[in-house]
Number of protein chains: 2
Amino acid sequence: MASKIPYKIYLHEEEMPKYWYNLRADMKNKPAPLLNPATHQPVTFDELKAVFCDELVRQELNDTDREIPIPQEILDFYKMYRPSPLVRAYCLEKKLNTPAKIYYKFEGNNTSGSHKLNSAVAQAYYAKEQGLKGVTTETGAGQWGTALSMACAYLGLDCRVYMVKCSYEQKPFRREVMRTYGAQVTPSPSDTTEVGRRILAEFPDSNGSLGCAISEAVEAAVTHEGYRYVLGSVLSQVLLHQSVIGLETKTAMDKYGIVPDIVIGCAGGGSNLGGLIAPFMGEKLQGKNDIRFIAAEPASCPSLTRGVFAYDYCDTGKVCPLAKMYTLGSGFMPAANHAGGLRYHGMSSVLSQLYHDGYMEARTVEQTEVFKAAEMFARVEGILPAPESSHAIKAAVDEALACKESGEAKTILFGLTGTGYFDMKAYESFNDGKMTDFIPTDADLKKGFDGIPRFPGNEF
Amino acid sequence: MASKIPYKIYLHEEEMPKYWYNLRADMKNKPAPLLNPATHQPVTFDELKAVFCDELVRQELNDTDREIPIPQEILDFYKMYRPSPLVRAYCLEKKLNTPAKIYYKFEGNNTSGSHKLNSAVAQAYYAKEQGLKGVTTETGAGQWGTALSMACAYLGLDCRVYMVKCSYEQKPFRREVMRTYGAQVTPSPSDTTEVGRRILAEFPDSNGSLGCAISEAVEAAVTHEGYRYVLGSVLSQVLLHQSVIGLETKTAMDKYGIVPDIVIGCAGGGSNLGGLIAPFMGEKLQGKNDIRFIAAEPASCPSLTRGVFAYDYCDTGKVCPLAKMYTLGSGFMPAANHAGGLRYHGMSSVLSQLYHDGYMEARTVEQTEVFKAAEMFARVEGILPAPESSHAIKAAVDEALACKESGEAKTILFGLTGTGYFDMKAYESFNDGKMTDFIPTDADLKKGFDGIPRFPGNEF
């Protein structure tokens, strides 16, 4: 144990995790199984393998094996941009004049700009191992699409991305990054799929939606020989891959004798939060620690804090299986929050179960306050954070200020998932004083809840 | 010495350099002194201190002290984003199927996106130490302006950036990054200065130029109490600060027993190249190695390869001192190359002298070939490089392919100065097959040479 903690802790290559940690193996109350939306019976391997790669279906259904070895080719890819630094936020502590010790795990030092790459390379790898030609996916803000493009370029796999049309037009630079990595990027809705043509016929001026893009990407996968569909969040397999974040963090903290009191992450679909907390939560489930885990979600899309715990569609197109989760209803339309990655109606079923069982807290933060925290953070810590990540910053700052009040020197860890270089429109709106907040009314929420399927056993 | 070189070498905090290395101290033929453009006499401390901070003038004029201690506050700031990784390009080597061992020092893992921050924080620090209120500068592509904004935000110093008007309009995101860091960004030419008003009166539709922006920034500094002007390249003080790149690289290489045969950097004003090669060149000057140093410059702005070695104006506005350097003439207008950071008519007088004395080679590379190399690099190494940095990639790839021909396993080191996240317009042009090359004719060059001042002792 070093006498003084450095600004940044980088693990050595040989200290990097060799396996992913499957938190579900240590959960007494397992997340409920995915259901076939037609039969309401648990989906089978055979049903899922038409859409997803075989090995990924196995990982999705595996809630018993604690450690899943990371294949060598993925380990090699990880070495190109990992380990990511665990940063001691000395400057932020000084700025806040808090006795708290603040750490953040920074996942933004790669071209995709976020943690998404951790799962993208895993999913692309298994597609290649299966001998497939390529993968399809959707992307909204573009971080997931960029990550998948990078992984596919490295592995020599075809990559087709359906990008929500308004993002395609408003974020041309994201689109160009994907093209530079060789991906075929199609604005959605498009005339390349049945579902796209149907939507265009009905709404010729449609700007698209994530739900529509998912439906197009799934259709493109199942109608093209040698393709499968991949998804960047929500699924348990994605949380599994993202456990590399938490494993690295824990190794680095153990090395320096650091024990967190509070662990914070922003929560959209739950992949970064689930990955960051995994090994710490695993110990908590075994009674080995009493860490507080906090999910920070946007006030405009409060799935954990104001949603219901029920089986619901994962996508607005209702083509995917039903998942038991905290949800606002697949028809809930969140306001145009700049944190596109957090505008999801549901939440990982793993995190939903943990929240339901009282192992995790959740809170909402408002957009303008989030950007205030983001700007302050950027000025003292140097890194310009993504709007999504800034939700965790805001919650961490609030906890650090609470420590200042109480005089407690707590150790706070948060996940800084990515950078905001492609989100400058959001910062411009903030810099110009034009940013607004939106909190849905109970009536807004009720409309969403009304779209959740009702069937025996799905009372809420 | 480790048996296998890791993908990335990060120094420990305590291994980071504590001083900058002043290469001029080891040069037998010192760079010629800056001259007062009116008298053609060497500029004095008193003449320079009206424009630049006192301590920076001392550093500019100091060609004898080998080691300049880095103040603690700058060391602390460096710890926020340094050490930068020295990367072994295993994937690029495999792609090229070359026996060469390729390394690059990556300076892009900070929000400014480049090495510019190394000097920005130093210059801002000395301004603050002198009790000044703020600094002024110009920026073209925006990397320097961003870096200075970040440093000033950290130190609590006012920052006024004159941004070339066409960049201000074409790169709104760069502008917003600067604003997020609290800088005042003014499109140049502007009505805030005499020189700006004069240009606007004559050319109301002017898109601006770097020369004009420099003139405005200098005027703003000398006409506002408590302000000084700072510059991001060309000056010897900037190369001094950038020596941190080379010092870290050499420490990392020494640690693993790596000895480079070839060191390559892109060359605009010369700051990254001068910084990267400094400690290696210092040893070469003392006869301790026989490394080949290669400056890669754009074919569209070939100051070393096709310029003349003469005293010339550093800026098109002709308000700065004269420097002895390889120059195309301050009136030379380079074609609209996407590598804005390399569109400079001159070259650091330190590098110019070394090139003149045969210690360094130079070569030109063409834009389209540069982007081909950049795209290939991005796909195999993951990092999306800046157009400027990609000039070094192209030269390194050519050297690695030469090794493949000859069967030699040379060790090649190059500087990867930054990322291209704000340069996607350039990539778009490349992706769409619309990129062109431009090589100036001898007649184009003659026009530039005609603007170089003629006076006794300045024959060329």
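Rules of the game
What you see as residue numbers is a count from 1 along each chain, following the sequence as written. As they are written, the chains are lettered A onward and the ligands numbered 1 onward, keeping that order. In keeping with the model being predicted, local features are shown solely for residues with a pLDDT of at least 70 and side-chain atom pairs are shown and tallied solely at 80 or more, while totals for entire chains, interfaces and linings include all residues. Water and hydrogen atoms play no part in the side-chain values, which are based on all heavy atoms of the structure. Domain borders in the structure are assigned automatically or taken from a domain database. Whether two residues are in contact is decided by their heavy atoms, any of which lying within 4.5 Å being enough. By definition, the buried area sums, over both parts, the 1.4 Å-probe accessible area that each loses when the two are put together. Here a salt bridge means any side-chain nitrogen of Lys or Arg lying within 4 Å of a carboxyl oxygen belonging to Asp or Glu. Any N or O atom pair separated by 3.5 Å or less is treated as a polar contact, with the protein-specific requirement of one donor-capable and one acceptor-capable atom, and with residues adjacent in sequence counted only for side-chain atom pairs. Secondary structure is summarised from DSSP: a helix means a run of H or I of at least four residues, a strand means a run of E of at least two, and numbering begins at the N terminus for each. Residues were grouped as follows: Ala, Val, Leu, Ile, Met, Phe, Trp, Tyr, Cys and Pro as nonpolar; Asp, Glu, Lys and Arg as charged; and all remaining residues, including Gly, as polar. Angular values range over 0 to 180 degrees, each being the angle between N-to-C directions of two axes fitted as lines to C-alpha atoms, with helices fitted over their stretch in contact. An angle below 35 degrees is read as roughly parallel, one above 145 as roughly antiparallel, one from 65 to 115 as roughly perpendicular, and any other as oblique. Less than a right angle of anticlockwise turn of the near helix away from the far helix marks a crossing as left-handed, whereas a clockwise turn marks it as right-handed. Paired strands, in this sense, are two strands between which DSSP finds at least two bridges. A residue counts toward the fit only if its pLDDT is at least 70 in both copies, and the copies are then superposed by least squares on the C-alpha atoms of those residues. Burial classes follow relative accessibility: with a 1.4 Å probe on protein chains only, a residue under 20% of its type's maximum area counts as buried, one over 50% as exposed, and anything between as partly exposed.

I'm lost on the domain arrangement of chain A in this one. Help?
As a measure of interface size, the accessible area lost when the parts come together is often cited. Residues and elements named next belong to chain A. By the assigned domains, chain A splits into domain 1 (2–16 + 83–113 + 238–449) and domain 2 (19–68 + 115–229). Tallying the contact residues gives 43 residues for domain 1 and 44 residues for domain 2. In this assembly, domain 1 packs against domain 2 so that about 3,700 Å² is buried in total across both faces, 64% of it on carbon and sulfur atoms. When the buried area of domain 1 at its contact with domain 2 is split by residue, L240, H241 and F422 rank highest and sum to 20% of it. Our enumeration of links across domain 1 and domain 2 arrives at one salt bridge. Across the salt bridge formed by K171 and D423, the nearest N and O atoms sit 3.1 Å from each other. Joining domain 1 to domain 2, the criterion identifies 14 residue pairs in polar contact (both at pLDDT 80 or more). Elements with a minimum of two residues in the side of domain 1 that touches domain 2: α11 (236–255), α12 (271–285), β12 (308–313), β13 (322–327) and α14 (349–356). Among the elements that line the side of domain 1 that touches domain 2, the one with the most residues is α11, at eight residues. In terms of residue class, the side of domain 1 that touches domain 2 is built from 20 nonpolar, 17 polar and six charged.

Honestly, the packing of helix α8 (residues 172–180) of chain A against helix α17 (residues 424–431) of chain B in this entry has me stumped. Any pointers?
A pair of packed helices can be characterised by two numbers: the angle between their axes and the separation between those axes. The N-to-C vectors of α8(A) and α17(B) enclose an angle of 50°; their axes lie 9 Å apart at closest approach. When the axes of α8(A) and α17(B) are compared, the pair comes out oblique. Our pair here, α8(A) against α17(B), has a crossing hand that is left-handed. Counted together, F173(A), R175(A), E176(A), V177(A), R179(A) and T180(A) of α8(A) and M424(B), K425(B), Y427(B), E428(B) and N431(B) of α17(B) form the full contact between these two elements. Class assignment for the residues of the contact of α8(A) with α17(B) results in four nonpolar, two polar and five charged.

Which parts of the structure should I look at to understand the sheet that holds strand β15 (residues 411–416) of chain A?
Across a sheet, strands are paired by hydrogen bonds formed along the backbone, either parallel or antiparallel in direction. Residue and element names in this part refer to chain A. Taken together, seven strands build an open sheet; the order of strands is β1-β4-β5-β15-β10-β11-β14 and the sheet is mixed. The sheet terminates laterally at β1 (8–9) and β14 (361–365), the two strands that pair on one side only. As paired strands, β1 and strand β4 (residues 86–88) are joined by two bridges and run antiparallel to one another. What sits directly across from I9, in β4, is L86.

Looking at this structure, how should I read the relation of the copies chain A and chain B?
Both copies of the chain are tied together by a single rotation about an axis and a shift running along it. Between chain A and chain B, which share one sequence, the superposing operator has a rotation angle of 180° and an axial displacement of 0.0 Å; the RMSD is 0.0 Å. Given the turn and translation reported, the copies of this chain are related as if by a two-fold rotation axis. Within chain A, the C-alpha atom positioned nearest to the axis of rotation is that of N109(A), 3.1 Å from it. Both copies contact each other with a shared surface, as 100% of the interface residues of chain A are interface residues in chain B too.

Is there a simple way to explain the environment of C320(B) in this structure?
Residue and element names in this part refer to chain B. Relative to the helices and strands, C320 is located in the loop between β12 (308–313) and β13 (322–327). Residue C320 is classed as buried on the basis of its relative accessible area of 10%. Considered as a pair, C320 and L34 are 286 residues apart in the sequence and their alpha carbons are 9.5 Å apart. Excluding its chain neighbours within four sequence positions, the residues that come into contact with C320 are P37, I214, C314 and D315.

What is the right way to read the pairing of β13(A) from this model?
In summary, the side chains of a regular strand alternate between the two faces of the sheet. Residue and element names in this part refer to chain A. Summarising burial for β13: five of the six residues are buried, a large majority. Alignment of β12 against β13, held across six bridges, turns out to be antiparallel. If you follow V308 over to β13, its bridge partner there is T327.

Whenever I open this one, the sheet that holds strand β5 (residues 101–106) of chain B confuses me. Can you help?
Residue and element names in this part refer to chain B. Overall, mixed pairing links the seven strands, which are arranged β1-β4-β5-β15-β10-β11-β14 in an open sheet. Edge positions in the sheet fall to β1 (8–9) and β14 (361–365), since each has one partner strand and no second. Summarising the sheet, strand β4 (residues 86–88) and β5 pair through three bridges and their orientation is antiparallel. Opposite L86, over in β5, you have K105 as the bridge partner. Set on the sheet, helix α12 (residues 271–285) makes contact with β5, β10 (262–266), β11 (292–298) and β15 (411–416); between it and β10 the angle comes to about 155°.

Looking at this structure, I do not really get α14(A). What am I missing?
Think of an α-helix as 3.6 residues a turn; residues three or four steps apart then line up on the same face. All names here are of chain A. Burial of α14 is extensive: seven of the eight residues sit out of reach of the surface. Those residues of α14 not exposed but buried are S349, V350, L351, S352, Q353, L354 and Y355. Looking at the buried positions of α14, the neighbouring elements they touch are α11, α12, α13 (303–306), β12, β13 and β14. Looking at where α14 begins, the residue whose side-chain oxygen comes 3.2 Å from the main-chain nitrogen of V350 is S348. Backbone geometry just after α14 places G358 at a positive phi near 85°.

I tried to follow the interface of chain A and chain B on my own but got confused; where do I start?
The partner chain B presents 43 residues to the 43 residues of chain A that form the contact. Linking chain A with chain B are four salt bridges. For D432(B), the salt bridge is made with R179(A), and the minimal N-O distance between the two is 2.9 Å. Joining chain A to chain B, the criterion identifies 22 residue pairs in polar contact (both at pLDDT 80 or more). Mapped by element, the contributors of at least two residues to the side of chain A that touches chain B are α3 (72–81), α6 (143–155), α8, α15 (367–381) and α17 (424–431) of chain A.

Could you clarify how one ought to interpret the pattern of salt bridges in this entry?
Any two side chains of opposite charge can pair, given that their charged atoms come close. In this structure the tally under the stated criterion is 58 salt bridges over all chains. The shortest N-O distance in the salt bridge between E399(B) and R292(B) comes to 3.4 Å. With E399(B) in helix α16 (residues 387–406) and R292(B) in strand β11, the pair connects residues that are 107 residues apart, well separated along the chain. The class for E399(B) is buried, based on a relative accessible area of 8%. When salt bridges with common partners are traced through the structure, they connect R175(A), E176(A), R179(A), K425(B), E428(B) and D432(B) into a single cluster.

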